[in-house]
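Here is how the chains run, residue by residue.
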Amino acid sequence: MEQEKQSRRSFLFNLGIISAVFLATVTFIRDVIAYLVPPRKKKKFHKYLVAEELELPVGQAKEITISKKPVFVVRLKEGYKVYSGVCTHLGCIIHWEEDKQRFYCPCHKGVFDKYGNVVSGPPPRPLDQFEVIVENRLVYIQVEEKPGGPWA
Amino acid sequence: MSVKQWIKERFPIDYDKFVEINERIFIKEPIPNHMKKWFYCAGATPLILFALQVFTGILLTFYFVPSPEMAFESVRHITEDVRLGFWVRGLHRWGSNLMIISLLLHMTRVFFTRAYRKPRELNWIIGVILFLLTLTFAFTGYSLTYNQLSYWATTVGTNMIKEVPLVGHWLLVFWRGGEDVSANTLTRFFTIHVGLLPPLIIFFISLHIIILRLHGVSEPEGFEKGYYPFYPHHFYKIVIITLFLLAFMSTLTIILPPGLGEPADPTVTPFHIKPEWYFFPTYRFLKLVPLKVGIYATGAFLLVMTFWPFIDPLLAKTEDRRRLWAYGVGGLTLIITVILTVWEMMVA
C-alpha cells in the first residue's frame, strides 16, 4: 500500500482515540482485577485462656478444644507451649504420650518431640504453635479472629 | 518455520481469501453517508451495551448466590463489601436501563423512517423479538436481587402470565417452578437469565446483523447518495460510543447508585409497589381496565407491532398515504406510552 501522508488533524484524532482506548482499557482491567481478587485482610488475634500457671506439673500436657479443633497445652521446664493437635502430615489428630514425652500420630507413625519438632515419620514440618502469653499466673494463647458470616 | 506457517499447516484455510473476506465484510463494509449522523447510530449502542452486560453479568455471578436465604445478602455483599462491587453492579444495572432506552430510540427511529418496509420486514420482527427478550432479561434480572420490590414484581408479573389463554396456568407453573413463588422461582429466573436467554439473544442478534448486512443499511430519504468504508470512520465511532457509555454509566453509578431496598418478605406486600419504569405503561394500563381486557389488549398491541411491516401496505395504496398512517399510528403509540409512563411516575 502506498504510504499516505497523514494530516496533523487526523494524526491528533488517532492519537486521542488510541490513548483514550488505552487508558480506559488499563483502568478497566485494573478495576476488574480488584473486583475479582478479595483484598488481603490483616489478621486479628484475641487472647484465649487455656490454663492456670500452676495447674500442670512440668512434663504434663492437657488436651482442650478450640473451634472444634484439638489443642495441646504442655508445661515444660521453659514454660508453657501450646500446639495444634492436627498432624502436619495429612491432618490426623495426634496423641500426647507422657511416658515418652512425645506426640504420636497413629495414621502414619509420625513422631514429634515435646517441642513440636519432627522426630521420625513422614510429617514435613513441626507442629503448629500458638503464641503463649502468661499474665497474672494465667496462661493465654493468641487465637486468630475469624469473622463470622458467609463471606469470611 | 514461521509462526504463520505453523498455524497454516494446522489450520489449513486459504489465508489470503480469509483476509479478503474480512476486508470485504468488516473493514471495507460500505456505510451509507447518512450514518455519519450520530442520530442513526442507535443500533450499535444496544449491541455494545449487550456486550458490556454479558461481561459485568459474568463478574456478578462470581459473588451472587441464587437462593432465597442468600440472594439479597450476596447482593448486599457485592454492593457494600466487595472492592468496586458497587461499580460492577451499577454498570450492570444502568446498562440494562440504557439498553432498553437505546432500543426504544432505535425502534422509534426505524419506525418513523419506515425502514421496516419490504424486503426488511423480517428484520423488524426479529428486532421486536430482541426487544421482548431484553425486557425478559430485565424482568428476570431485577427479580434476582430478592428485595421487596423484586419479590412482589415477580409475584405480580408471573400472576399476569396466568391470564394468557389456554396455556396460562402451565406457563405460570413453568416460570415459578410450582404454584407459588419459591426457591424454585429464584433458581429458574437465575438459570433463564444467565443460561437460557444469552444464547437465544445472541442467535437473534446474529440473525439481525446478517439480514442487515445482506440488505445493506436502509437509507432514509434526503441524504446525498454515497458510501464510506467501515474502517476507520465508523469503527472509531463505535469505539467512541463504547468509551462514552462506560464513562456515562460509571458516572450514573456514582450519582445514582443502585440501592438494596428491603429484603423480600413473602408475608408483607409493601404499600407502594411499582415495577421498573419500562413496565410503567403496561402497569398503568392494567390498573385502568379489567385484567382480562388488559392482557388481551397488550397481546393485540404486541401482535400489531410485530407484524406492522405487513399491515402497513394494507392500509393504503400510495407510499405517501402509508407514511401518513405510520406517522399517525406511531405518533399515537408514542403519545399514549409517554402519557401512561408519566402518569404512573406522578402518582404514588
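On a predicted model such as this, the values are computed, not experimentally measured, just so you know.

Rules and cut-offs
- Residues numbered from 1 in each chain as written.
- Chains lettered and ligands numbered in written order.
- Predicted model: local features only at pLDDT ≥ 70, side-chain atom pairs only at ≥ 80, totals over all residues.
- Heavy atoms only, no water.
- Domains from an automatic or database assignment.
- Contact = heavy atoms within 4.5 Å.
- Buried area = accessible area lost by both parts, 1.4 Å probe.
- Salt bridge = Lys/Arg side-chain N within 4 Å of Asp/Glu carboxyl O.
- Helix = DSSP H or I, 4+ residues; strand = E, 2+ residues; numbered from the N terminus.
- Nonpolar A, V, L, I, M, F, W, Y, C, P; charged D, E, K, R; others polar.
- Pairing = 2+ DSSP bridges.
- Buried < 20%, exposed > 50% of the residue type's maximum accessible area, 1.4 Å probe, protein only.
- Polar contact = N/O pair within 3.5 Å; in protein donor to acceptor, adjacent residues only side chain to side chain.
- Disulfide = S-S within 2.5 Å.

Visitor: An account of the domain arrangement of chain B is needed here, citing residue identities and associated values.
Guide: Residues and elements named next belong to chain B. Entries for chain B in the domain assignment read domain 1 (3-273) and domain 2 (276-348). Just the C-alpha atoms count here: the centres of domain 1 and domain 2 sit 23 Å apart. Across the contact, 29 residues belong to domain 1 and 27 residues belong to domain 2. Both faces combined, the contact of domain 1 with domain 2 buries some 2600 Å², and carbon together with sulfur accounts for 69% of it. Of all residues in domain 1, the largest losses of buried area upon contact with domain 2 belong to F112, R114 and E163, amounting jointly to 24% of the total for that side. Put simply, domain 1 and domain 2 have 5 salt bridges between them. The partner of K292 in a salt bridge is E163, with the nearest N and O atoms 2.9 Å apart. Mapped onto the side of domain 1 that touches domain 2, the elements with two or more residues apiece are helix 5 (85-112), helix 6 (121-143) and helix 7 (148-161). Looking at the side of domain 1 that touches domain 2 element by element, the count peaks at 10 residues for helix 6. Looking at the side of domain 1 that touches domain 2 residue by residue, the classes come out as 20 nonpolar, 3 polar and 6 charged.

Visitor: Hey, could you go over the domain arrangement of chain A for me, with residue numbers and the actual values?
Guide: It is common to give the size of an interface as the accessible area that goes away when the parts come together. Partitioning chain A into domains gives domain 1 (1-37) and domain 2 (45-144). In this structure, domain 1 of chain A and domain 2 of chain A have C-alpha centres spaced 60 Å apart.

Visitor: An account of the sheet that holds strand 4 (residues 79-84) of chain A is needed here, citing residue identities and associated values.
Guide: Residue and element names in this part refer to chain A. Read from one edge of the open sheet, 4 strands run 2-3-4-9, paired in antiparallel fashion. With partners counted over all chains shown, the strands left at the sheet margins are strand 2 (61-66) and strand 9 (129-130), one partner each. Where strand 4 lies against strand 9, 2 bridges are found, and the strand directions are antiparallel. Note on strand 9: the bridge partner recorded for V82 is F130.

Visitor: Explain the side chain of S218 of chain B residue by residue, including any values.
Guide: Looking at the secondary structure, you find S218 of chain B in the loop between helix 9 (183-215) and strand 2 (227-229). Given a relative accessible area of 17%, S218 of chain B falls into the buried group.

Visitor: Go over the pattern of salt bridges with me, naming the residues and quoting the values.
Guide: All names here are of chain B. Across all of its chains, the model carries 22 salt bridges over all chains by this definition. Across the salt bridge formed by R114 and D312, the nearest N and O atoms sit 3.1 Å from each other. Within this pair, whereas R114 is found in the loop between helix 5 and helix 6, its partner D312 is found in helix 13 (residues 308-315), the two being separated by 198 residues in sequence. Among the ionic pairs, R322 bridges to E319, the shortest N-O distance being 3.1 Å. Separated by 3 residues within a single helix, R322 and E319 lie in helix 14 (residues 319-346), roughly one turn from each other. For R322, a relative accessible area of 17% translates into the label buried. Within the structure, one salt-bridge network assembled from shared partners comprises R114, R117, D312, E319 and R322.

Visitor: Run through the interface of chain B and chain A, naming residues and quoting values.
Guide: Contact with chain B, which involves 25 residues of that partner, is made by 17 residues of chain A. Buried area between chain B and chain A, both sides added, is near 1800 Å², and the carbon and sulfur share of it is 79%. Summed over the three residues of chain B that lose the most area to chain A, namely Y63, R83 and Y236 of chain B, the buried surface amounts to 33% of that side. Summed over the shared surface of chain B and chain A, the number is 0 salt bridges. Here chain B is connected to chain A by 6 residue pairs in polar contact (both at pLDDT 80 or more). Mapped by element, the contributors of at least two residues to the side of chain B that touches chain A are helix 3 (44-61), helix 4 (71-81), helix 5 and helix 10 (230-255) of chain B. If one sorts the elements of the side of chain B that touches chain A by residue count, helix 4 of chain B sits on top with 6 residues. For the side of chain B that touches chain A, a count of residues per class yields 18 nonpolar, 3 polar and 4 charged.

Visitor: I'd like a description of the environment of P124 of chain A, backed by residues and values.
Guide: Along the chain, P124 of chain A turns up in the loop between strand 8 (118-120) and strand 9. By relative accessible area, which is 61% here, P124 of chain A ends up exposed.

Visitor: Go over the state of the cysteines with me, naming the residues and quoting the values.
Guide: Residues and elements named next belong to chain A. This model, assessed by the stated rule, comprises 1 disulfide over all chains. Paired through a disulfide, C92 and C107 show a sulfur-sulfur distance of 2.0 Å. For the disulfide bridge between C92 and C107, the dihedral angle about the S-S bond is near -95 degrees, and by the sign convention the bridge is left-handed. Pair noted here: C92 is in the loop between strand 4 and strand 5 (95-97) and C107 is in the loop between strand 6 (102-105) and strand 7 (110-113), with a separation of 15 residues, a long-range link. According to the relative accessible area criterion, C107 is partly exposed, its value standing at 39%. Among the cysteines around C87, which has no disulfide bond, C105 carries the closest sulfur, lying 3.8 Å off. The exposure class assigned to C105 is buried, which follows from its relative accessible area of 2%.

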